[in-house]
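Listed below are the residues making up each chain.
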Amino acid sequence: MLKLCFPNKFFGGIAFVNYHNKQQLNNTIMKIKQIIIASTLLVSVASFSQKDELKALKKLYAKEVLKGEDLAEYKSLVTKVAPLATEEGDKVYAEFYKIMTPVLDINAFSQDATLTPLQIQMKMAKTVTPKTISDLSKGLIATLDYEKKVGKKIQTDDINETISQFKPMLLNYAVYLGKEEKQKEASEVLYSIYQLDKKDADNLYYAASYAVNGKDYENSLKYYRELKAINYSGEKTLYFAKNKATGLEDNYTKKEDRDNLVKLGTHSNPREEKEPSKKAEITKNIALILVELDRKDEAKAALAEARKENPDDVNLITYEADIYLKMNDTENYKRLINEALAKSPNDKVLLFNLGVTSGNANQLEEAEKYYKRVIEIDPKYTDAYLNLSDIILKPDSKIVKEMNSLGVSAKEQKQYEVLKAERQKLFNRAMPILEKAHELDPTNEIVKSNLKSVYSFLELNDKVKAMN
């Protein structure tokens, strides 16, 4: 009698027991074979089912518009096929059909004659979210990459058409989120759009800007570093023309588009404007974000690297100075400012920025000096007058606070009159500066508002009426 002994325990998921004859062993082996065959058949059936469902999805997707029962069946198939997909291609297409569901929803209700424009807009708001856009972007890119790898364009053309069709709508959605103060969400949408069309790197730049405004510093740092990696400059020429219907200026990225409208007679007063390189700004922002994240050594290193590449770039010198100012390192701040001024003593933009930086640091005398120098160089620099008036009036809030703290005693009332006279001096100093700014730019609402406030305080009622 043949006796085979196996340890009575689980090994690799199979229970081994003691067998006392060959027939018993053979019977057991046959049963195991039958189980394996049955399992293989079940996998095969599931695989065929999965293939059939993918075919059904492809057939439904090919229809021009899916709605009603077709759309419901499509969604049901999407749910069924996802957990069954095992092969790489099947997984890719299962995900593709899933992430395209919101697009099909939009197509369906945008062509539903029973819905009002407001109802369509409300449905769109529920369907389109930063997450659905991010998922859509990832799924479309994965499908494009897979089809490029296998050399078969099954959905590539359709995907490119979808991107082209929906990109303007997604950009409008990002702008809407920005206006609603949802900066982080706007950034996410813009980054997804950039992922779909990397030729348009402006969207990555704006994604980084929105991320900063939304205090999403980690992502903003990632986006700015990506801009640096692709050597983005943002330099371009914008073409403007006045829209005769609205009276406003429209801008175009292509000269021929603008010129055609001027020829048609719908626009007039064509002009051009060059946008300077944003490379220095990007470097500065990387450094500032690193400071915000308390990674100051990395911030210094980032600017030092940029300075090596562009040793004469005055903007980089001032950005580095800003970093040292934020770290309360006034010695290095002054050293760099003097270096910048030595390189470009009559640069009105540099001087204006130094005025802003000094004002923010409460170095009012320095700020006033810089703004006055700007006005010497360019007597028509409206913002320099406006900022100079702000610097002059900055002590006013402190004076008002002190006046409000005084009591009614004779001594305190005397001090009150002294402070009131100080305020009048400030307002009298600021008035001619604001009047000059108003003369240069009579449509500037900030200038008008500030000037009216000065006139009101000085009780120049006739001038207030004239402004109104």
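The present account deals with the structure reproduced in this document. The structure presented is a predicted model; accordingly, all values stated were derived computationally and were not measured.

1. Quick notes on the sheet that holds strand S4 (residues 249-252)
Backbone hydrogen bonds are what pair the strands of a sheet, in a parallel or an antiparallel way.
Phase 1: Pairing in this open sheet of 3 strands is antiparallel, and the strands run S4-S3-S5 from one edge to the other. A single partner strand is all that each edge strand has here, and the edge strands are S4 and strand S5 (267-275). When strand polarity is set aside, the average angle formed by the axes of neighbouring strands in this sheet is 25 degrees.
Phase 2: Of the strand pairs in this sheet, strand S3 (residues 236-243) and S4 are connected by 4 bridges, and their pairing is antiparallel. Across the sheet, Lys242 pairs through a bridge with Glu249, a residue of S4.
Phase 3: Relative to the sheet, helix H11 (residues 255-264) contacts S3, S4 and S5, its axis offset from that of S5 by approximately 165 degrees.

2. Regarding the environment of Glu226
Phase 1: Within the fold, Glu226 resides in helix H10 (residues 217-229).
Phase 2: For Glu226, a relative accessible area of 18% corresponds to the buried category.
Phase 3: A sequence separation of 21 residues divides Glu226 from Tyr205, and the C-alpha atoms of the two residues are 9.3 Å apart.
Phase 4: With residues near it in sequence (within four places) discarded, Glu226 still touches Tyr191, Tyr194, Gln195, Lys198 and Leu204.

3. Re the packing of aromatic side chains
Within a pair of aromatic rings, the relevant descriptors are the distance that separates the centres and the angle that separates the planes.
Phase 1: The final tally for this structure, using the stated rule, is 13 aromatic pairs.
Phase 2: Note on Tyr191 and Tyr223: the rings are 4.4 Å apart at their centroids and 20 degrees apart in plane angle, and the pair reads as stacked. With Tyr191 in helix H8 (residues 183-196) and Tyr223 in helix H10, this pair connects stretches of sequence that are 32 residues apart. The pair formed by Tyr191 and Tyr223 is uniform in burial state, with each residue classed as buried.
Phase 3: Its end group placed over the ring of Tyr205, Lys278 keeps NZ or CZ at 5.3 Å from the ring centre.

4. Examining empty space enclosed by the protein
Unoccupied space between atoms shows up once a probe the size of one water molecule is rolled over them.
Phase 1: Across all of its chains, the model carries 2 cavities of 30 Å³ or more by this definition.
Phase 2: Taken as a whole, the largest cavity encloses approximately 100 Å³ of empty space.
Phase 3: Within the residue set of the lining of the largest cavity, elements represented by two or more residues are helix H4 (101-110), helix H6 (130-150) and helix H7 (156-179).
Phase 4: Estimated volume of the second largest cavity: approximately 60 Å³.
Phase 5: Taken together, Leu136, Leu140, Thr162, Ile163, Phe166, Lys167, Leu170, Ile193 and Leu196 make up the lining of the second largest cavity.
Phase 6: Within the residue set of the lining of the second largest cavity, elements represented by two or more residues are H6, H7 and H8.

5. Here we look at the pattern of salt bridges
Phase 1: The final tally for this structure, using the stated rule, is 30 salt bridges.
Phase 2: One salt bridge connects Lys167 with Asp200, and the closest N-O pair in it is separated by 3.1 Å. Of this pair, Lys167 sits in helix H7 while Asp200 sits in the loop between H8 and helix H9 (202-213), placing them 33 residues apart in sequence.
Phase 3: For Lys167, a relative accessible area of 16% translates into the label buried.
Phase 4: A relative accessible area of 24% places Asp200 in the partly exposed class.
Phase 5: Connected through salt bridges with shared partners, the residues Lys167, Asp197, Lys199 and Asp200 form a single ionic network.

6. Some points on the side chain of Glu226
Phase 1: The side chain of Glu226 is buried and forms no salt bridge, while Lys198, the nearest opposite charge, is found at 4.5 Å.
Phase 2: A distance of 3.2 Å separates a polar atom in the side chain of Glu226 from a polar atom in the side chain of Tyr191.

7. Comments concerning helix H3 (residues 88-99)
Phase 1: For H3, which comprises 12 residues, the first-to-last C-alpha distance of 17 Å matches the rise-based estimate of 16 Å (1.5 Å per residue) to within 8%.
Phase 2: The complete set of buried residues in H3 reads Gly89, Asp90, Val92, Tyr93, Ala94, Phe96, Tyr97 and Ile99.

8. As for the layout of surface pockets
Phase 1: Roughly 580 Å³ of internal volume is contained in the largest pocket.
Phase 2: Along the wall of the largest pocket there are 29 residues; nearest its centre are Lys278, Lys279, Ala280, Glu281 and Tyr319.
Phase 3: Broken down by element, the lining of the largest pocket gets its largest block of residues, 6 residues, from helix H12 (residues 279-292).
Phase 4: Of the residues in the lining of the largest pocket, the class split is 13 nonpolar, 8 polar and 8 charged.

9. Here's the deal with unusual backbone geometry
Phase 1: Although it is not a glycine, Asn269 adopts a positive phi angle of roughly 50 degrees.
Phase 2: Structurally, Asn269 is set in strand S5.
Phase 3: Even without being glycine, Asn362 reaches a positive phi, approximately 65 degrees.
Phase 4: Its location among the elements puts Asn362 in the loop between helix H16 (348-360) and helix H17 (364-377).

10. Quick notes on the pairing of S3
Phase 1: The buried count for S3 comes to 6 of 8 residues, which makes it a mostly enclosed element.
Phase 2: Looking at chain direction, S3 and S5 are connected through 7 bridges and run antiparallel. Bridging from a neighbouring strand, Thr237 pairs with Lys274 of S5.
Phase 3: Linking two consecutive strands that pair antiparallel, namely S3 and S4, is a turn of 5 residues; a positive phi of about 80 degrees is found at Gly247 within it.

11. Quick notes on the packing of H8 against H10
Phase 1: Contact pair H8 / H10: the axes reach a minimum separation of 12 Å and the direction vectors enclose 30 degrees. Relative to H10, H8 is oriented roughly parallel. By crossing handedness, the relation of H8 to H10 is classed as left-handed. Where H8 approaches H10, its residues Ser187, Tyr191, Tyr194 and Gln195 are matched on the opposing element by Lys222, Tyr223 and Glu226.
Phase 2: Taken together, the residues that form the contact of H8 with H10 break down as 3 nonpolar, 2 polar and 2 charged.

12. Topic: the nonpolar core
Phase 1: Within the largest apolar cluster, 115 residues are counted, with the highest numbers of intra-cluster contacts made by Tyr74, Tyr97, Met100, Leu140 and Leu227.
Phase 2: Residues in contact with Leu227, not counting those within four places in the same chain, are Ala201, Leu204, Tyr205, Ala208, Tyr232 and Ile282.

About the criteria used
Sequence positions are assigned chain by chain, starting from 1 and proceeding in written order. Local features in this predicted model are restricted to residues whose pLDDT is 70 or higher, and side-chain atom pairs enter the listing and the counts only when it is 80 or higher, whereas totals over whole chains, interfaces and linings include all residues. Only heavy atoms go into the side-chain values, all of them from the structure, while hydrogens and water stay out. Paired strands are those between which DSSP finds at least two bridges. The helix count covers DSSP runs of H or I at least four residues long, the strand count covers runs of E at least two residues long, and both are numbered beginning at the N terminus. The angle between two axes is taken between their N-to-C directions and runs from 0 to 180 degrees, where each axis is a line fitted to C-alpha atoms and a helix contributes only its stretch in contact. For this analysis, residues touch if any pair of their heavy atoms sits within 4.5 Å. Each residue is placed in one exposure class: buried if its accessible area under a 1.4 Å probe, protein chains only, is under 20% of its type's maximum, exposed if it is over 50%, and partly exposed if it falls in between. Note on aromatic contacts: the rings of Phe and Tyr and the six-membered ring of Trp form a pair at centre separations within 6.5 Å, being stacked when their planes are under 30 degrees apart, edge-to-face when over 60 apart, and tilted otherwise. The rule for a charge over a ring is simple: NZ of Lys or CZ of Arg within 6 Å of the ring centre, and within 35 degrees of the ring normal. Space inside and on the surface of the protein is sampled on a 1 Å grid over the protein atoms alone, with a cavity defined as a set of points where a 1.4 Å probe fits but cannot get out and a pocket as an open set with protein on both sides within 12 Å along at least 5 of 7 lines; lining residues have an atom within 4 Å of a point. Grid points are joined across faces, edges and corners, and a volume is the space filled by probe spheres set on the points. Only one rule defines a salt bridge in this text: a Lys or Arg side-chain nitrogen within 4 Å of an Asp or Glu carboxyl oxygen. Charged residues are defined here as Lys and Arg on the positive side and Asp and Glu on the negative side; His and the ends of the chain fall outside this count. Think of a polar contact as two N or O atoms within 3.5 Å of one another; within protein, one of them needs to be a possible hydrogen donor and the other a possible acceptor, and neighboring residues in sequence only count if both atoms come from side chains. Each helix should span, by expectation, one fewer than its residue count multiplied by 1.5 Å. Just so you know the grouping, Ala, Val, Leu, Ile, Met, Phe, Trp, Tyr, Cys and Pro go in nonpolar, Asp, Glu, Lys and Arg go in charged, and all remaining residues, Gly too, go in polar. Angular relationships are summarised with four words: roughly parallel below 35 degrees, roughly antiparallel beyond 145, roughly perpendicular across 65 to 115, and oblique for the angles in between. Rotating anticlockwise by less than a right angle from the far helix to the near helix defines a left-handed crossing, while the corresponding clockwise rotation defines a right-handed one. The definition of a nonpolar core used throughout is a set of buried Ala, Val, Leu, Ile, Met, Phe, Trp, Tyr and Cys residues joined through side-chain atoms within 4.5 Å.

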